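Here's the letter readout for the chains.
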Amino acid sequence: MDPIFSPRPLPLLPVIGRDGGYPVARIFCVGRNYAAHAAEMGNEVDREEPFWFTKSCFAMIPSGSALPYPPGTRDLHHEVELVVALGEDGEPIALGCGLDMTRRDLQARAKEGRKPWDTSKDFEGSAVIGALTPGADTSGRTIRLLVNGAVRQEAPLSDMVRDLPDLLDHLRGLYRLGSGDLIMTGTPAGVAAVGPGDELVGEIDGLAPVHLSIGDPA
Ligand code: MN
């Protein structure tokens with residue numbers, strides 16, 4: 001059967017040292033993986049098991065993008081996160097730095113109404129991800145986010161409640177993981193609102209940074 005229109009190609013992420021890009025298929029995101037962030041949101045970390053939400057790969061935009069201030073919100077927040085890219089056998093093959101942009105007001109309403117998070121988490125431009133660096137060693141690295149040059153979020157990756165092997169173990173119990181699957185591993189404390197004119201830079205030691213400019217509403 002032929003498609004009735006041209007299918008959207010999977011978005012590609014640059015890979016340091018490679019000519020080709022990493023085709024992104026699925027984006028899995030974990031919630032409350034830093035105790036201090038869970039606390040600032042008024043939650044406790046569920047030590048029993050992590051919880052997950054997803055973003056469409058088409059929500060992804062590359063580092064260096066200008067994101068028009070998204071519709072439907074008055075409270076757009078940044079969340080800087082370690083991103084892990086999986087290979088064909090579902091094992092991590094590369095790391096990156098990403099932004100889980102969040103319509104916090106919609107998320108708060110969803111939580112109140114015990115409704116799903118999709119509209120707060122999965123919208124165009126909500127996953128901003130920098131170039132991937134081959135390798136999977138997260139040890140000894142610090143993650144931080146700067147807004148207009150000022151540090152807003154900063155923590156060692158070792159502050160994660162569940163480390164990468166733990167997260168993968170749990171996710172493998174729910175999905176058959178493989179190439180094209182990304183994991184966003186949660187954000188440290190310090191999330192806050194951003195607006196038109198703000199310049200965001202996410203950094204993780206030894207990895208390519210992620211840059212985002214917030215523009216006026218489209
Ligand atoms: Mn997040």
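The rules behind these values
- All residue numbers here refer to positions counted from 1 along the written sequence of the relevant chain.
- The predicted origin of the model limits local features to residues at a pLDDT of at least 70 and limits the giving and counting of side-chain atom pairs to 80 or more, whereas totals for whole chains, interfaces and linings rest on all residues.
- Computation of side-chain values covers all heavy atoms of the structure but excludes hydrogens and water.
- The numbering of helices and of strands both runs from the N terminus, where a helix is a DSSP run of H or I of at least 4 residues and a strand a run of E of at least 2.
- For a compact globule the rule gives 2.2 Å times the number of residues to the power 0.38, and the radius of gyration it is set against comes from C-alpha atoms.
- Accessibility here uses a 1.4 Å probe with only protein chains present; expressed as a share of the type maximum, an area under 20% marks a residue as buried, one over 50% as exposed, and anything in between as partly exposed.
- Contacts between residues were defined by any pair of non-hydrogen atoms, one from each residue, lying within 4.5 Å.
- For the area figures, the Shrake-Rupley method with a 1.4 Å probe applies, and any residue is considered shielded solely by the protein chains shown.
- Lys and Arg are tallied as positive, Asp and Glu as negative. Neither His nor the chain termini are counted.
- Charged groups are reduced to one reference atom each: NZ for lysine, CZ for arginine, CG for aspartic acid, CD for glutamic acid.
- Throughout, the arc means the angular range of directions from the helix axis out to the C-beta atoms.
- Here, a strand pair is defined by DSSP locating no fewer than two bridges between the strands.
- All axes are obtained by fitting lines to C-alpha atoms, using only the stretch in contact for helices, and the reported angles, taken between N-to-C directions, cover 0 to 180 degrees.
- Side-chain rings of Phe, Tyr and Trp (the six-membered ring for Trp) are treated as a pair once their centres are within 6.5 Å; stacked means planes under 30 degrees apart, edge-to-face means over 60, and tilted covers the remaining angles.
- By definition here, charges over rings are those cases where NZ of Lys or CZ of Arg is within 6 Å of the ring centre and within 35 degrees of the ring normal.
- UniProt positions are given in the numbering used here, feature names are shortened, and annotations may be inferred rather than shown by experiment.
- The working definition used for a salt bridge is a side-chain nitrogen of Lys or Arg within 4 Å of a carboxyl oxygen of Asp or Glu.

1. Considering the overall build of the protein
At step 1: Along the protein, the regular secondary structure elements total four helices and 17 strands.
At step 2: For 218 residues, the compact-globule estimate of 2.2 N^0.38 gives 17 Å, and the C-alpha radius of gyration of the protein, at 16 Å, lies within 12% of that figure.
At step 3: Here the C-alpha coordinates of the protein stretch approximately 45 × 40 × 35 Å along the principal axes.
At step 4: Within the protein, the proportion of its 218 residues that are buried is 52%.
At step 5: Within the protein, contacts between residues at least 6 apart in sequence are counted, and of these 75% link residues at least 24 apart.
At step 6: Surface exposure of the protein reaches about 10,600 Å², of which carbon and sulfur atoms provide 51%.
At step 7: Positive and negative charge centroids in the protein, built from 20 and 31 side chains respectively, lie 5 Å apart.

2. A look at the environment of D216
At step 1: Considering the arrangement of structural elements, one finds D216 in the segment after strand 17 (210-215).
At step 2: Spatially, the C-alpha atoms of D216 and P68 are 5.3 Å apart, while their sequence positions differ by 148 residues.
At step 3: Non-local contacts of D216, meaning those with residues more than four positions away in its chain, are made with P68, Y69 and P196.

3. A short note on helix 2 (residues 104-112)
At step 1: Taken together, the buried positions of helix 2 are R104, D105, L106, Q107 and A110.
At step 2: On its buried face, helix 2 sits against strand 7 (76-77), strand 10 (102-103) and helix 3 (118-121).

4. Observations concerning helix 4 (residues 164-172)
At step 1: Residues of helix 4 that are buried include every one of L164, L167, L168, H170 and L171, and no others. The buried side chains of helix 4 occupy one side of the element, clustering within an arc of 165° when seen end-on. Across from the buried face of helix 4, at angles greater than 90 degrees, the exposed residues are P165 and D169.
At step 2: Where the residues of helix 4 are buried, they touch strand 3 (26-30), strand 4 (52-56), strand 8 (80-86), strand 9 (92-100) and strand 15 (181-184).

5. What to know about the sheet that holds strand 6 (residues 65-68)
Across a sheet, paired strands are connected by hydrogen bonds in the backbone, their directions being either parallel or antiparallel.
At step 1: Spatial strand order, 6-17-16-13-14: five strands in an open sheet with mixed pairing. Two strands bound the open sheet, and with one partner strand each, they are strand 6 and strand 14 (150-156). Each neighbouring strand pair of the sheet contributes to a mean axis angle of 20°, computed without reference to strand direction.

6. Thoughts on the packing of aromatic side chains
At step 1: Tallying each qualifying case throughout the model produces three aromatic pairs.
At step 2: Judged by centre distance (4.7 Å) and plane angle (50°), the ring pair of F28 and Y175 falls under tilted. Here F28 is found in strand 3, whereas its partner Y175 is found in the loop between helix 4 and strand 15, with 147 residues between them in sequence.
At step 3: The class of Y175 is partly exposed, set by a relative accessible area of 35%.
At step 4: Residues F53 and W117 carry aromatic rings whose centres are separated by 5.6 Å and whose planes lie at 55° to one another, so their mutual orientation is tilted. Taken together, the residues F53 in strand 4 and W117 in the loop between helix 2 and helix 3 connect sequence positions 64 residues apart.
At step 5: The buried category is assigned to F53, whose relative accessible area is 11%.
At step 6: On the accessibility criterion, W117 (16% relative accessible area) is buried.
At step 7: Among the aromatic residues, those joined into a cluster by ring pairs are F51, F53 and W117.
At step 8: Note that R8 overlies the ring of F58, its terminal NZ or CZ placed 4.8 Å from the centroid.
At step 9: Taking NZ or CZ as reference, R103 lies 4.3 Å from the ring centre of F123, over its face.

7. Digging into the UniProt feature "domain: Fumarylacetoacetase-like C-terminal" (unreviewed entry) in the protein
At step 1: Mapped onto this structure's residue numbering, the UniProt feature "domain: Fumarylacetoacetase-like C-terminal" (unreviewed entry) falls at residues 27-210.
At step 2: The span residues 27-210 shows a helical share of 15% and a strand share of 35%, and its end C-alpha atoms are spaced 17 Å apart.

8. What to know about the pattern of salt bridges
At step 1: Scanning the entire structure with this criterion turns up ten salt bridges.
At step 2: Across the pair R26 and D181 runs a salt bridge, and its minimum N-O distance is 2.9 Å. Separated by 155 residues along the polypeptide, R26 in strand 3 and D181 in strand 15 bring together distant segments of the chain.
At step 3: Judged by its relative accessible area of 32%, R26 falls in the partly exposed class.
At step 4: If you follow the salt bridges from partner to partner, you end up with K55, E79, D100, R104 and K121 in one network.

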